[in-house]
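# Structure at a glance
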Amino acid sequence: MAIASIILTVLGSIFSAIYVYQVIFIIIGLFAKKKKYKDAKENHTFGIVICGRNEEKVIGNLIESIKNNDYPQDKIKIFVCADNCTDKTAEICRDLGAIVYERFNKEQIGKGYALNYLFQNIYKDMPEYVPDAIMVFDADNVLTTNYIKEMNKALDSGVKICTSFRNSKNFDSSWVSSGASVLFLRECMFIHKPKSFFKLSTHVSGTGFYFSKDILTFKDGWPYTMITEDLEFSAFSTLKGVKIGYCEDAEFFDEQPVKFKQAWRQRLRWSKGGLLGFSIFHASLSASFLKTLDFTYYEYYFSRFFPISIFYLFSFLATCIINITTRILEVIHQNLIVGIIYYLSPILTALLTSYLAMLLDSLITVIVCWKKIKAPARKKILSIFVTPLFTMFISTPCAFVALFKKVKWDPIEHNQSVTQQQLNKN
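Predicted model only: the values in this text are computed from it and were never measured. Throughout this document, residue positions are counted from 1 along each chain, in the order its sequence is written. Only residues with pLDDT of 70 or above have their local features reported here, since the model is predicted, and side-chain atom pairs are shown and tallied only from 80 upward, although totals for entire chains, interfaces and linings are computed over all residues. Only heavy atoms go into the side-chain values, all of them from the structure, while hydrogens and water stay out.

### Overview of the pattern of salt bridges
The test is simple: Any carboxyl oxygen of Asp or Glu within 4 Å of a side-chain nitrogen of Lys or Arg constitutes a salt bridge here. A helix here means a DSSP run of H or I that spans at least four residues, while a strand means a run of E at least two residues long, and both kinds are numbered starting from the N terminus. Residue exposure (1.4 Å probe, protein chains only): buried if accessible area is under 20% of the type maximum, exposed if over 50%, otherwise partly exposed.
Summed over the entire model, instances satisfying the criterion amount to 14 salt bridges. Across the pair Asp83 and Arg103 runs a salt bridge whose closest N-O atoms are separated by 2.7 Å. You can see Asp83 sitting in strand S2 (residues 76–83) and its partner Arg103 sitting in strand S3 (residues 99–103), a full 20 residues away along the chain. Taken as a pair, Asp83 and Arg103 share a single burial class, namely buried. A salt bridge links Lys213 to Asp132; its shortest N-O distance comes to 3.5 Å. Placement of the pair is Lys213 in the loop between strand S7 (209–212) and helix H8 (229–239) and Asp132 in the loop between helix H5 (111–125) and strand S4 (133–138), with a sequence separation of 81 residues. When its relative accessible area of 17% is taken as the criterion, Asp132 is described as buried. Several salt bridges share partner residues, and in doing so they unite Lys34, Lys36 and Asp249 into one network.

Here you go:
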(Lines give C-alpha, C1' and ligand atoms only; values in the text may rest on other atoms or scores of the structure.)
Protein backbone atom coordinates (compact mmCIF):
# COMPACT_ATOMS: atom_id res chain seq x y z
CA MET A 1 0.00 0.00 0.00
CA ALA A 2 2.84 2.36 0.75
CA ILE A 3 4.24 1.97 -2.78
CA ALA A 4 0.77 2.44 -4.31
CA SER A 5 0.22 5.61 -2.31
CA ILE A 6 3.57 7.00 -3.37
CA ILE A 7 2.88 6.29 -7.06
CA LEU A 8 -0.58 7.89 -6.88
CA THR A 9 0.80 10.90 -5.03
CA VAL A 10 3.46 11.36 -7.70
CA LEU A 11 0.87 11.08 -10.49
CA GLY A 12 -1.37 13.60 -8.76
CA SER A 13 1.51 16.00 -8.23
CA ILE A 14 2.57 15.81 -11.88
CA PHE A 15 -1.01 16.37 -13.03
CA SER A 16 -1.42 19.36 -10.71
CA ALA A 17 1.90 20.91 -11.72
CA ILE A 18 1.18 20.64 -15.45
CA TYR A 19 -2.33 22.05 -15.32
CA VAL A 20 -2.20 24.45 -12.38
CA TYR A 21 -2.35 27.32 -14.89
CA GLN A 22 -5.93 26.26 -15.64
CA VAL A 23 -6.94 27.53 -12.19
CA ILE A 24 -5.42 30.91 -13.02
CA PHE A 25 -7.22 30.90 -16.36
CA ILE A 26 -10.56 30.28 -14.62
CA ILE A 27 -9.95 33.17 -12.23
CA ILE A 28 -9.11 35.47 -15.15
CA GLY A 29 -12.15 34.25 -17.07
CA LEU A 30 -14.37 35.04 -14.09
CA PHE A 31 -13.12 38.48 -13.19
CA ALA A 32 -11.20 40.04 -16.09
CA LYS A 33 -12.97 42.40 -18.47
CA LYS A 34 -13.26 41.20 -22.03
CA LYS A 35 -10.89 42.72 -24.56
CA LYS A 36 -12.50 45.54 -26.52
CA TYR A 37 -11.05 46.58 -29.85
CA LYS A 38 -11.12 50.22 -30.93
CA ASP A 39 -13.45 51.30 -33.69
CA ALA A 40 -11.93 50.52 -37.07
CA LYS A 41 -10.60 53.32 -39.25
CA GLU A 42 -11.37 51.30 -42.37
CA ASN A 43 -13.95 48.78 -43.51
CA HIS A 44 -11.73 45.99 -44.75
CA THR A 45 -12.62 43.50 -47.45
CA PHE A 46 -13.46 39.93 -46.48
CA GLY A 47 -13.64 36.79 -48.58
CA ILE A 48 -15.94 34.42 -46.73
CA VAL A 49 -15.44 30.71 -47.42
CA ILE A 50 -17.84 27.91 -46.52
CA CYS A 51 -17.51 24.19 -47.16
CA GLY A 52 -20.42 21.80 -46.78
CA ARG A 53 -21.73 18.41 -47.78
CA ASN A 54 -25.50 18.05 -48.14
CA GLU A 55 -26.24 21.13 -46.03
CA GLU A 56 -29.49 22.27 -47.71
CA LYS A 57 -31.30 22.43 -44.35
CA VAL A 58 -28.95 24.95 -42.75
CA ILE A 59 -26.58 26.72 -45.14
CA GLY A 60 -29.16 29.25 -46.31
CA ASN A 61 -29.51 30.57 -42.76
CA LEU A 62 -25.75 31.19 -42.58
CA ILE A 63 -25.63 33.09 -45.87
CA GLU A 64 -28.65 35.19 -44.91
CA SER A 65 -27.07 36.01 -41.54
CA ILE A 66 -23.94 37.18 -43.38
CA LYS A 67 -25.99 39.34 -45.74
CA ASN A 68 -27.94 40.77 -42.78
CA ASN A 69 -24.75 41.87 -41.04
CA ASP A 70 -24.31 45.53 -40.21
CA TYR A 71 -21.40 45.82 -42.61
CA PRO A 72 -21.01 47.16 -46.18
CA GLN A 73 -21.96 44.28 -48.46
CA ASP A 74 -19.67 45.53 -51.22
CA LYS A 75 -16.77 44.64 -48.92
CA ILE A 76 -17.86 40.98 -48.74
CA LYS A 77 -17.79 38.08 -51.17
CA ILE A 78 -19.23 34.69 -50.20
CA PHE A 79 -17.74 31.49 -51.65
CA VAL A 80 -19.10 27.98 -51.13
CA CYS A 81 -17.60 24.59 -51.85
CA ALA A 82 -20.48 22.14 -52.27
CA ASP A 83 -18.40 19.08 -51.44
CA ASN A 84 -19.72 15.78 -52.83
CA CYS A 85 -23.30 17.00 -52.44
CA THR A 86 -26.32 15.05 -53.61
CA ASP A 87 -28.92 17.59 -52.46
CA LYS A 88 -29.74 21.23 -53.26
CA THR A 89 -26.88 22.84 -51.33
CA ALA A 90 -25.29 24.40 -54.45
CA GLU A 91 -28.62 25.60 -55.85
CA ILE A 92 -29.66 27.26 -52.58
CA CYS A 93 -26.32 29.05 -52.22
CA ARG A 94 -26.38 30.35 -55.81
CA ASP A 95 -29.94 31.63 -55.34
CA LEU A 96 -28.70 33.60 -52.32
CA GLY A 97 -25.88 35.21 -54.30
CA ALA A 98 -22.91 33.07 -53.25
CA ILE A 99 -20.22 31.99 -55.70
CA VAL A 100 -20.39 28.20 -55.69
CA TYR A 101 -17.92 25.53 -56.75
CA GLU A 102 -19.03 21.91 -56.77
CA ARG A 103 -16.44 19.29 -55.89
CA PHE A 104 -16.73 15.55 -56.48
CA ASN A 105 -13.80 13.63 -55.07
CA LYS A 106 -14.31 10.41 -53.09
CA GLU A 107 -10.61 9.84 -52.51
CA GLN A 108 -9.52 13.06 -50.77
CA ILE A 109 -12.16 13.40 -48.08
CA GLY A 110 -12.19 16.21 -45.53
CA LYS A 111 -12.64 19.91 -45.03
CA GLY A 112 -8.99 20.65 -45.68
CA TYR A 113 -9.15 19.22 -49.19
CA ALA A 114 -12.43 21.05 -49.86
CA LEU A 115 -10.90 24.36 -48.75
CA ASN A 116 -7.88 23.82 -50.97
CA TYR A 117 -10.12 23.07 -53.96
CA LEU A 118 -12.12 26.22 -53.22
CA PHE A 119 -9.01 28.40 -52.91
CA GLN A 120 -7.53 27.08 -56.15
CA ASN A 121 -10.72 27.72 -58.11
CA ILE A 122 -11.22 31.21 -56.71
CA TYR A 123 -7.68 32.13 -57.70
CA LYS A 124 -8.09 30.57 -61.16
CA ASP A 125 -11.28 32.56 -61.86
CA MET A 126 -10.41 35.74 -59.92
CA PRO A 127 -6.59 36.02 -59.83
CA GLU A 128 -6.65 39.70 -58.93
CA TYR A 129 -9.04 39.29 -56.00
CA VAL A 130 -7.03 39.54 -52.77
CA PRO A 131 -9.29 40.46 -49.83
CA ASP A 132 -7.77 41.93 -46.69
CA ALA A 133 -8.79 38.79 -44.83
CA ILE A 134 -10.47 35.45 -45.39
CA MET A 135 -13.17 34.24 -42.97
CA VAL A 136 -13.94 30.56 -42.50
CA PHE A 137 -17.33 29.19 -41.44
CA ASP A 138 -19.10 25.85 -41.32
CA ALA A 139 -22.42 25.53 -43.12
CA ASP A 140 -24.43 25.15 -39.90
CA ASN A 141 -23.24 28.47 -38.40
CA VAL A 142 -25.35 31.59 -37.88
CA LEU A 143 -23.79 35.03 -37.20
CA THR A 144 -24.99 37.88 -35.03
CA THR A 145 -25.65 41.12 -36.93
CA ASN A 146 -22.49 42.82 -35.61
CA TYR A 147 -20.15 39.86 -36.17
CA ILE A 148 -18.18 41.13 -39.18
CA LYS A 149 -18.05 44.67 -37.78
CA GLU A 150 -16.43 43.40 -34.57
CA MET A 151 -13.98 41.15 -36.39
CA ASN A 152 -13.09 44.07 -38.63
CA LYS A 153 -12.07 46.01 -35.53
CA ALA A 154 -9.64 43.24 -34.61
CA LEU A 155 -8.23 43.13 -38.14
CA ASP A 156 -7.88 46.91 -38.22
CA SER A 157 -5.97 46.81 -34.93
CA GLY A 158 -3.38 44.51 -36.46
CA VAL A 159 -4.55 41.03 -35.41
CA LYS A 160 -3.44 38.69 -38.23
CA ILE A 161 -5.50 35.66 -37.16
CA CYS A 162 -8.54 35.94 -34.93
CA THR A 163 -11.14 33.55 -33.54
CA SER A 164 -14.51 34.48 -32.03
CA PHE A 165 -17.13 33.59 -29.44
CA ARG A 166 -18.74 30.22 -30.21
CA ASN A 167 -22.28 29.82 -28.91
CA SER A 168 -24.79 27.04 -29.57
CA LYS A 169 -28.03 27.24 -31.54
CA ASN A 170 -29.29 23.88 -30.23
CA PHE A 171 -28.14 23.91 -26.62
CA ASP A 172 -31.27 22.20 -25.34
CA SER A 173 -31.78 19.57 -28.06
CA SER A 174 -30.35 16.72 -25.95
CA TRP A 175 -27.95 15.99 -23.12
CA VAL A 176 -25.27 15.43 -25.78
CA SER A 177 -25.72 18.85 -27.40
CA SER A 178 -25.82 20.51 -23.96
CA GLY A 179 -22.56 18.89 -22.89
CA ALA A 180 -20.79 19.77 -26.13
CA SER A 181 -22.12 23.34 -25.95
CA VAL A 182 -20.89 23.91 -22.40
CA LEU A 183 -17.41 22.68 -23.34
CA PHE A 184 -17.19 25.22 -26.19
CA LEU A 185 -18.44 27.99 -23.90
CA ARG A 186 -15.77 26.95 -21.43
CA GLU A 187 -13.14 27.14 -24.18
CA CYS A 188 -14.16 30.72 -24.94
CA MET A 189 -14.35 31.97 -21.36
CA PHE A 190 -11.52 30.04 -19.72
CA ILE A 191 -9.03 29.50 -22.55
CA HIS A 192 -9.43 32.14 -25.28
CA LYS A 193 -10.27 34.99 -22.90
CA PRO A 194 -7.43 34.41 -20.38
CA LYS A 195 -4.91 33.93 -23.18
CA SER A 196 -6.07 37.17 -24.72
CA PHE A 197 -5.74 38.85 -21.31
CA PHE A 198 -2.13 37.66 -20.98
CA LYS A 199 -1.45 38.56 -24.64
CA LEU A 200 -0.78 34.94 -25.50
CA SER A 201 -1.63 33.31 -28.80
CA THR A 202 -4.74 31.12 -28.72
CA HIS A 203 -6.03 28.70 -31.40
CA VAL A 204 -8.84 28.33 -33.91
CA SER A 205 -11.47 25.61 -33.59
CA GLY A 206 -12.60 24.72 -37.07
CA THR A 207 -14.89 27.65 -37.73
CA GLY A 208 -15.59 31.27 -36.84
CA PHE A 209 -12.18 32.78 -37.56
CA TYR A 210 -10.28 34.87 -40.07
CA PHE A 211 -6.70 35.19 -41.25
CA SER A 212 -5.26 38.21 -43.02
CA LYS A 213 -3.74 38.32 -46.48
CA ASP A 214 -0.33 38.51 -44.78
CA ILE A 215 -0.88 34.93 -43.61
CA LEU A 216 -2.51 33.29 -46.61
CA THR A 217 -4.23 34.25 -49.88
CA PHE A 218 -6.29 32.26 -52.38
CA LYS A 219 -3.18 32.05 -54.55
CA ASP A 220 -1.42 30.07 -51.81
CA GLY A 221 -4.12 27.43 -51.62
CA TRP A 222 -5.03 25.76 -48.31
CA PRO A 223 -2.13 23.44 -47.42
CA TYR A 224 -3.62 22.00 -44.21
CA THR A 225 -5.33 18.67 -44.90
CA MET A 226 -5.08 16.68 -41.66
CA ILE A 227 -8.36 15.30 -40.27
CA THR A 228 -8.15 18.26 -37.89
CA GLU A 229 -7.07 20.98 -40.30
CA ASP A 230 -7.78 23.72 -37.75
CA LEU A 231 -5.28 22.24 -35.31
CA GLU A 232 -2.67 21.96 -38.06
CA PHE A 233 -3.23 25.57 -39.13
CA SER A 234 -3.03 26.79 -35.52
CA ALA A 235 0.13 24.84 -34.80
CA PHE A 236 1.98 26.05 -37.90
CA SER A 237 0.91 29.64 -37.22
CA THR A 238 2.00 29.41 -33.58
CA LEU A 239 5.39 28.00 -34.52
CA LYS A 240 5.86 30.82 -37.02
CA GLY A 241 5.37 33.28 -34.16
CA VAL A 242 1.98 34.54 -35.36
CA LYS A 243 -0.31 35.40 -32.45
CA ILE A 244 -3.89 34.18 -32.82
CA GLY A 245 -6.23 36.71 -31.24
CA TYR A 246 -9.73 36.47 -29.79
CA CYS A 247 -12.74 38.73 -30.27
CA GLU A 248 -15.42 38.01 -27.68
CA ASP A 249 -17.84 40.58 -29.09
CA ALA A 250 -17.98 38.69 -32.40
CA GLU A 251 -20.49 35.93 -31.63
CA PHE A 252 -21.70 33.12 -33.84
CA PHE A 253 -23.89 30.09 -33.25
CA ASP A 254 -22.90 26.54 -34.03
CA GLU A 255 -24.89 23.30 -34.19
CA GLN A 256 -23.76 20.59 -31.80
CA PRO A 257 -24.31 16.83 -32.26
CA VAL A 258 -27.59 15.65 -30.78
CA LYS A 259 -26.99 11.91 -30.67
CA PHE A 260 -24.32 9.99 -28.78
CA LYS A 261 -23.06 8.31 -31.97
CA GLN A 262 -22.60 11.65 -33.76
CA ALA A 263 -20.66 13.16 -30.86
CA TRP A 264 -18.57 10.01 -30.54
CA ARG A 265 -17.52 10.12 -34.21
CA GLN A 266 -16.72 13.82 -34.00
CA ARG A 267 -14.69 13.62 -30.79
CA LEU A 268 -12.90 10.49 -31.96
CA ARG A 269 -11.74 12.35 -35.07
CA TRP A 270 -10.59 15.29 -32.95
CA SER A 271 -8.73 12.98 -30.58
CA LYS A 272 -7.03 11.18 -33.45
CA GLY A 273 -6.13 14.52 -34.99
CA GLY A 274 -4.55 15.54 -31.72
CA LEU A 275 -2.43 12.39 -31.67
CA LEU A 276 -1.36 12.89 -35.27
CA GLY A 277 -0.56 16.50 -34.49
CA PHE A 278 1.46 15.39 -31.49
CA SER A 279 3.61 13.18 -33.69
CA ILE A 280 4.23 16.07 -36.08
CA PHE A 281 4.59 19.06 -33.77
CA HIS A 282 5.65 17.90 -30.30
CA ALA A 283 9.38 18.28 -30.94
CA SER A 284 9.01 21.76 -32.46
CA LEU A 285 6.71 23.00 -29.71
CA SER A 286 8.98 21.63 -26.98
CA ALA A 287 12.06 23.14 -28.58
CA SER A 288 10.34 26.49 -29.06
CA PHE A 289 9.27 26.60 -25.42
CA LEU A 290 12.72 25.69 -24.12
CA LYS A 291 14.34 28.26 -26.41
CA THR A 292 11.98 31.19 -25.76
CA LEU A 293 10.19 30.23 -22.50
CA ASP A 294 7.06 31.59 -24.20
CA PHE A 295 4.13 30.08 -22.30
CA THR A 296 2.13 29.95 -25.55
CA TYR A 297 4.07 26.87 -26.67
CA TYR A 298 3.68 25.16 -23.30
CA GLU A 299 -0.07 25.73 -23.17
CA TYR A 300 -0.57 24.70 -26.76
CA TYR A 301 1.37 21.50 -26.20
CA PHE A 302 -0.64 20.39 -23.16
CA SER A 303 -4.07 21.63 -24.21
CA ARG A 304 -4.15 20.83 -27.94
CA PHE A 305 -1.91 17.75 -28.23
CA PHE A 306 -1.95 16.35 -24.73
CA PRO A 307 -5.33 17.45 -23.40
CA ILE A 308 -6.50 17.03 -19.82
CA SER A 309 -8.83 14.20 -20.82
CA ILE A 310 -5.89 12.00 -21.88
CA PHE A 311 -3.92 12.73 -18.71
CA TYR A 312 -7.07 12.15 -16.66
CA LEU A 313 -7.63 8.82 -18.42
CA PHE A 314 -4.14 7.46 -17.76
CA SER A 315 -4.16 8.74 -14.17
CA PHE A 316 -7.55 7.13 -13.62
CA LEU A 317 -6.44 3.80 -15.10
CA ALA A 318 -3.23 3.85 -13.09
CA THR A 319 -5.19 4.58 -9.91
CA CYS A 320 -7.56 1.70 -10.55
CA ILE A 321 -4.88 -0.82 -11.52
CA ILE A 322 -2.64 -0.02 -8.56
CA ASN A 323 -5.45 -0.05 -6.03
CA ILE A 324 -7.14 -3.15 -7.38
CA THR A 325 -3.90 -5.11 -7.60
CA THR A 326 -3.04 -4.17 -4.05
CA ARG A 327 -6.45 -5.12 -2.76
CA ILE A 328 -6.51 -8.43 -4.61
CA LEU A 329 -3.39 -9.38 -2.71
CA GLU A 330 -5.00 -8.29 0.55
CA VAL A 331 -8.33 -10.08 0.17
CA ILE A 332 -7.30 -13.11 -1.86
CA HIS A 333 -8.60 -15.42 0.87
CA GLN A 334 -11.71 -13.41 1.78
CA ASN A 335 -15.32 -13.94 0.76
CA LEU A 336 -15.80 -13.44 -3.01
CA ILE A 337 -18.61 -10.88 -2.72
CA VAL A 338 -16.73 -8.87 -0.13
CA GLY A 339 -13.69 -9.03 -2.36
CA ILE A 340 -15.58 -7.76 -5.45
CA ILE A 341 -16.98 -4.80 -3.50
CA TYR A 342 -13.53 -4.12 -2.18
CA TYR A 343 -12.10 -4.21 -5.72
CA LEU A 344 -14.71 -1.84 -7.12
CA SER A 345 -14.48 0.79 -4.40
CA PRO A 346 -11.37 2.56 -5.81
CA ILE A 347 -13.01 2.76 -9.26
CA LEU A 348 -16.22 4.19 -7.84
CA THR A 349 -14.26 6.65 -5.70
CA ALA A 350 -12.20 7.81 -8.68
CA LEU A 351 -15.31 8.20 -10.84
CA LEU A 352 -17.17 10.15 -8.16
CA THR A 353 -14.22 12.43 -7.47
CA SER A 354 -13.76 13.12 -11.18
CA TYR A 355 -17.47 13.78 -11.67
CA LEU A 356 -17.61 16.27 -8.81
CA ALA A 357 -14.54 18.14 -10.06
CA MET A 358 -16.01 18.44 -13.55
CA LEU A 359 -19.40 19.34 -12.08
CA LEU A 360 -17.85 22.36 -10.38
CA ASP A 361 -16.18 23.33 -13.65
CA SER A 362 -19.45 23.13 -15.64
CA LEU A 363 -21.31 25.00 -12.87
CA ILE A 364 -18.89 27.91 -13.13
CA THR A 365 -19.13 27.91 -16.94
CA VAL A 366 -22.92 27.92 -17.02
CA ILE A 367 -23.16 30.67 -14.39
CA VAL A 368 -20.71 32.89 -16.28
CA CYS A 369 -22.47 32.30 -19.62
CA TRP A 370 -26.03 32.16 -18.25
CA LYS A 371 -27.37 35.12 -20.22
CA LYS A 372 -25.71 34.00 -23.45
CA ILE A 373 -27.15 30.47 -23.43
CA LYS A 374 -30.24 30.14 -25.63
CA ALA A 375 -32.26 27.67 -23.57
CA PRO A 376 -34.87 27.54 -20.76
CA ALA A 377 -33.51 27.88 -17.22
CA ARG A 378 -34.22 24.24 -16.37
CA LYS A 379 -32.18 23.07 -19.37
CA LYS A 380 -29.30 25.31 -18.34
CA ILE A 381 -29.36 23.81 -14.86
CA LEU A 382 -29.57 20.28 -16.25
CA SER A 383 -26.54 20.94 -18.47
CA ILE A 384 -24.41 21.45 -15.36
CA PHE A 385 -24.98 17.81 -14.40
CA VAL A 386 -24.74 16.21 -17.87
CA THR A 387 -21.56 17.95 -19.06
CA PRO A 388 -19.32 15.81 -16.80
CA LEU A 389 -21.06 12.73 -18.24
CA PHE A 390 -20.27 13.96 -21.76
CA THR A 391 -16.60 14.18 -20.81
CA MET A 392 -16.52 10.87 -18.94
CA PHE A 393 -18.42 8.78 -21.50
CA ILE A 394 -17.49 10.49 -24.78
CA SER A 395 -14.43 12.77 -24.67
CA THR A 396 -12.24 10.67 -22.39
CA PRO A 397 -12.96 7.22 -23.91
CA CYS A 398 -12.41 8.71 -27.38
CA ALA A 399 -8.95 9.83 -26.30
CA PHE A 400 -8.18 6.21 -25.43
CA VAL A 401 -9.80 4.57 -28.47
CA ALA A 402 -7.99 7.00 -30.80
CA LEU A 403 -4.69 5.48 -29.69
CA PHE A 404 -5.55 2.21 -31.43
CA LYS A 405 -8.26 2.92 -34.02
CA LYS A 406 -7.79 4.19 -37.55
CA VAL A 407 -10.06 7.19 -38.01
CA LYS A 408 -11.27 8.78 -41.21
CA TRP A 409 -13.01 12.11 -41.79
CA ASP A 410 -16.80 11.71 -41.64
CA PRO A 411 -19.32 14.55 -42.08
CA ILE A 412 -21.76 15.34 -39.26
CA GLU A 413 -25.37 15.69 -40.36
CA HIS A 414 -26.96 19.08 -39.54
CA ASN A 415 -30.72 19.41 -39.15
CA GLN A 416 -31.24 22.40 -36.85
CA SER A 417 -32.63 25.12 -39.12
CA VAL A 418 -32.42 28.23 -36.94
CA THR A 419 -32.38 31.75 -38.35
CA GLN A 420 -30.65 34.87 -37.11
CA GLN A 421 -34.05 36.38 -36.29
CA GLN A 422 -35.08 33.37 -34.19
CA LEU A 423 -31.87 33.59 -32.16
CA ASN A 424 -32.39 37.31 -31.59
CA LYS A 425 -35.82 36.64 -30.09
CA ASN A 426 -34.46 34.20 -27.48
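### Observations concerning the pairing of S7
Cut-off, in case you're wondering: In short, DSSP must find at least two bridges between two strands for them to pair.
Neither face of S7 is exposed, since Phe209 and Phe211 on one face and Tyr210 and Ser212 on the opposite face are all buried. Where strand S6 (residues 161–168) and S7 come together, three bridges link them in antiparallel fashion. Looking across to S7, one finds that Ile161 is bridged to Phe211.

### Some thoughts on the nonpolar core
To keep things clear, this is the line we draw: The nonpolar core is taken to be a set of buried Ala, Val, Leu, Ile, Met, Phe, Trp, Tyr and Cys residues, with the residues joined through side-chain atoms within 4.5 Å. By the convention used here, residues are in contact when the closest approach between their heavy atoms is within 4.5 Å.
Judged by nonpolar contacts, the single largest core of 34 residues is most densely connected at Ile50, Ile66, Val80, Met135, Tyr147, Ile148 and Tyr210. Going through the elements one at a time, strand S1 (46–52), helix H3 (59–67), S2, helix H4 (89–95), S4, helix H6 (147–156) and strand S8 (244–254) are the ones with two or more residues in this core. At five residues, H6 tops the list of elements feeding residues into this core. With residues near it in sequence (within four places) discarded, Met135 still touches Phe46, Gly47, Ile48, Val49, Tyr147, Ile148, Met151, Phe209 and Tyr210.

### With respect to the packing of helix H2 (residues 21–31) against helix H7 (residues 175–197)
The geometry of a pair of packed helices is captured by two quantities: the angle between their axes and the separation between those axes. The condition is simple: Helix axes are fitted only over the stretch in contact, all axes being lines through C-alpha atoms; the angle between N-to-C directions runs from 0 to 180 degrees. Put simply, angles under 35 degrees are roughly parallel, angles over 145 are roughly antiparallel, angles from 65 to 115 are roughly perpendicular, and the rest are oblique. Charged means Asp, Glu, Lys or Arg here, nonpolar means Ala, Val, Leu, Ile, Met, Phe, Trp, Tyr, Cys or Pro, and polar covers whatever is left, Gly included.
Running from N to C, H2 and H7 cross one another at 90°; their axes reach a closest spacing of 8 Å. Taken together, the axis directions place H2 and H7 in an arrangement best described as roughly perpendicular. Two secondary-structure elements touch here, H2 through Gln22, Phe25, Ile26, Ile28, Gly29 and Leu30 and H7 through Arg186, Met189, Phe190, Ile191, Lys193, Pro194, Lys195 and Phe197. Residue classes in the contact of H2 with H7 are distributed as nine nonpolar, two polar and three charged.

### Re unusual backbone geometry
Notably, Lys199 is not glycine yet its phi reads approximately 60°, a positive angle. Here Lys199 lies in the loop between H7 and S7. With a phi close to 55°, Leu293 is a non-glycine residue in the positive phi region. In this structure, Leu293 sits in the loop between helix H9 (260–292) and helix H10 (295–305). For Leu293, a relative accessible area of 62% corresponds to the exposed category.

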